[in-house]
Amino acid sequence: APLSAPLAADMAESRLDRRGREDQSRLALDPYLLYLKALLGQPDRESMTVVAGRKPDQISETERTLLSLAYSRLGDKGTALKLLTPDFKSRWLYRQQFGDFNSPARNTALYLAALAEADPASPRVTQIVDYLGGLMKNGHFGSTQENAWALMALGRAFAASNAAVKVAVTANGQPYRTLEGRDLSVADVGLTGKKLKLTNTGAATAYYHLMAEGTPLAKATKPRAAGLSVTRVYRDVQGREVNLSNVPQGELVVVSLLVTAAKEARNVVVV
């Protein structure tokens, strides 16, 4: 017979009710949750020890990186470093569009963040920074998770380095400025249309990011499709198609969109 509401409430507060205990126990051992607790200053050391003692086939590489970050937050860099496997296979994964959203960029960034915290002097930090930078396309890494973790990881790697850079900049072959320090930026509309050349004259490795803004002189008018195609039909309120070149001001136009995918696609956003 079903339990009455008062009795069910009493049992939920009682140790006799074991319902949901297994799920709660599994959640308590989740490396991401343990990492968040460490960030909040409320670490669950007992659960961290249990997860850290698991066999290699019982904990994924991304879970290891999250647990490593948690131990670094506690100041235990030795355990944090032991959790990071030298051979990081996740960089060979395909880009997952659902679930955990695993991808080479996101998982490599996770690993870089953990390594920069556990062993900032490791020469592998610079190697991974170079590899991660190669995954950037058109100024970004891809998804929100990839961008966020990459920026956090690069920030931690940068903070771990005390080296200052020295870069000479020329514009159209003429000396423009010499940049010296750790974190430098230049914003100058006078550089518009000029050819820039950066020469690293210091001993440290220098990284740069160039941003240019403006309105294209020639607009792209041809439609294109890259895995997804979008077809638009414009109608009036009676359902008749309208010609956009001849629409009276104030008239209501209804737009019908048809989105077609060449293959299965998840988490699609139409903007």
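Being a predicted model, the structure only gives us computed values, none of them experimental.

About the cut-offs
Residues numbered from 1 in each chain as written. Predicted model: local features only at pLDDT ≥ 70, side-chain atom pairs only at ≥ 80, totals over all residues. Heavy atoms only, no water. Axes fitted to C-alpha atoms, helices over the stretch in contact; angles between N-to-C directions. Helix = DSSP H or I, 4+ residues; strand = E, 2+ residues; numbered from the N terminus. Parallel < 35°, antiparallel > 145°, perpendicular 65-115°, else oblique. Left-handed = near helix turned anticlockwise from the far one by under 90°. Contact = heavy atoms within 4.5 Å. Nonpolar A, V, L, I, M, F, W, Y, C, P; charged D, E, K, R; others polar. pLDDT = per-residue confidence, 0-100. Salt bridge = Lys/Arg side-chain N within 4 Å of Asp/Glu carboxyl O. Buried < 20%, exposed > 50% of the residue type's maximum accessible area, 1.4 Å probe, protein only. Pairing = 2+ DSSP bridges. Expected span 1.5 Å × (residues − 1). Arc of directions from axis to C-beta. 1 Å grid on protein atoms, 1.4 Å probe; cavity = no way out; pocket = protein on both sides within 12 Å on 5 of 7 lines; lining within 4 Å. Points joined across faces, edges and corners; volume = space filled by probe spheres on them.

Overview of the packing of helix 3 (residues 31-39) against helix 5 (residues 61-73)
Alright, step 1. Taken N-terminus to C-terminus, the directions of helix 3 and helix 5 make an angle of 20°; their axes are 8 Å apart at the nearest point. Looking at the two axes, helix 3 sits roughly parallel to helix 5. When the axes of helix 3 and helix 5 are compared, the crossing they make is left-handed. Between helix 3, through Pro31, Tyr32, Leu34, Tyr35, Ala38 and Leu39, and helix 5, the contact on the second element is made entirely by Glu63, Leu66, Leu67, Leu69, Ala70 and Arg73.
Alright, step 2. Partitioning the contact of helix 3 with helix 5 into residue classes produces ten nonpolar, no polar and two charged.

Observations regarding the confidence of the model for the protein chain
Alright, step 1. Of all residues in the protein chain, 88% have pLDDT values of 70 or greater, and the mean over the chain is 84.
Alright, step 2. Under a pLDDT of 50 for its full length, residues 11-21 has, in the predicted model, five contacts with residues more than four places off or in other chains.

Quick look at the pattern of salt bridges
Alright, step 1. In this structure the tally under the stated criterion is four salt bridges.
Alright, step 2. Aspartate 44 is paired through a salt bridge with lysine 37; the nearest N and O atoms lie 3.9 Å apart.
Alright, step 3. Since its relative accessible area comes to 26%, lysine 37 is described here as partly exposed.
Alright, step 4. With its nearest N and O atoms 3.6 Å apart, the salt bridge here joins arginine 156 to glutamate 117. Placement of the pair is arginine 156 in helix 9 (residues 144-160) and glutamate 117 in helix 7 (residues 104-118), with a sequence separation of 39 residues.
Alright, step 5. Judged by relative accessible area, glutamate 117 falls into the partly exposed class, the value being 24%.

Observations regarding the packing of helix 7 against helix 8 (residues 124-134)
Alright, step 1. Where helix 7 contacts helix 8, the two axes come as close as 10 Å, and the packing angle between them is 160°. Classified by the angle between their axes, helix 7 and helix 8 sit roughly antiparallel to one another. The element helix 7 and its partner helix 8 pack so that their crossing is left-handed. Across the interface between the two elements, Ala105, Thr108, Ala109, Tyr111, Leu112, Leu115 and Ala116 from helix 7 touch Arg124, Val125, Ile128, Val129, Tyr131 and Leu132 from helix 8.
Alright, step 2. Of the residues contributing to the contact of helix 7 with helix 8, the split by class is eleven nonpolar, one polar and one charged.

Some thoughts on the sheet that holds strand 3 (residues 196-200)
Alright, step 1. Ordered by their spatial adjacency, three strands build an open sheet running 2-1-3, and the pairing between neighbours is antiparallel. At either end of the open sheet lies a strand with only one pairing partner, and these are strand 2 (174-181) and strand 3. Across the sheet, the axes of successive neighbouring strands diverge by a mean angle of 20°, strand direction being ignored.
Alright, step 2. Direction of pairing for strand 1 (residues 165-171) relative to strand 2: antiparallel, over a ladder of seven bridges.

Examining helix 9
Since the α-helix turns once every 3.6 residues, residues separated by three or four places project in the same direction.
Alright, step 1. The end-to-end C-alpha distance of helix 9 is 24 Å, a good match for the 24 Å that 17 residues give at a rise of 1.5 Å each.
Alright, step 2. Within helix 9, the full set of buried residues consists of Glu146, Trp149, Ala150, Ala153, Arg156 and Ala157. Taken end-on, helix 9 shows its buried residues confined to a sector of 135°, consistent with a single buried face. For helix 9, the exposed residues lying more than 90 degrees away from the buried face are Thr144, Leu151 and Ala159.
Alright, step 3. Packed against the buried residues of helix 9 are helix 3, helix 5, helix 7 and helix 8.

Brief notes about the layout of surface pockets
Alright, step 1. The calculated volume of the second largest pocket comes to roughly 900 Å³.
Alright, step 2. What lines the second largest pocket is a set of 31 residues, and nearest its centre among them are Ala226, Gly227, Leu228, Ala265 and Val268.
Alright, step 3. Secondary structure elements with two or more residues in the lining of the second largest pocket: helix 9, strand 4 (228-235) and strand 5 (254-261).
Alright, step 4. For the lining of the second largest pocket, the element with the highest residue contribution is strand 4, accounting for four residues.
Alright, step 5. Split by residue class, the lining of the second largest pocket holds 14 nonpolar, ten polar and seven charged.

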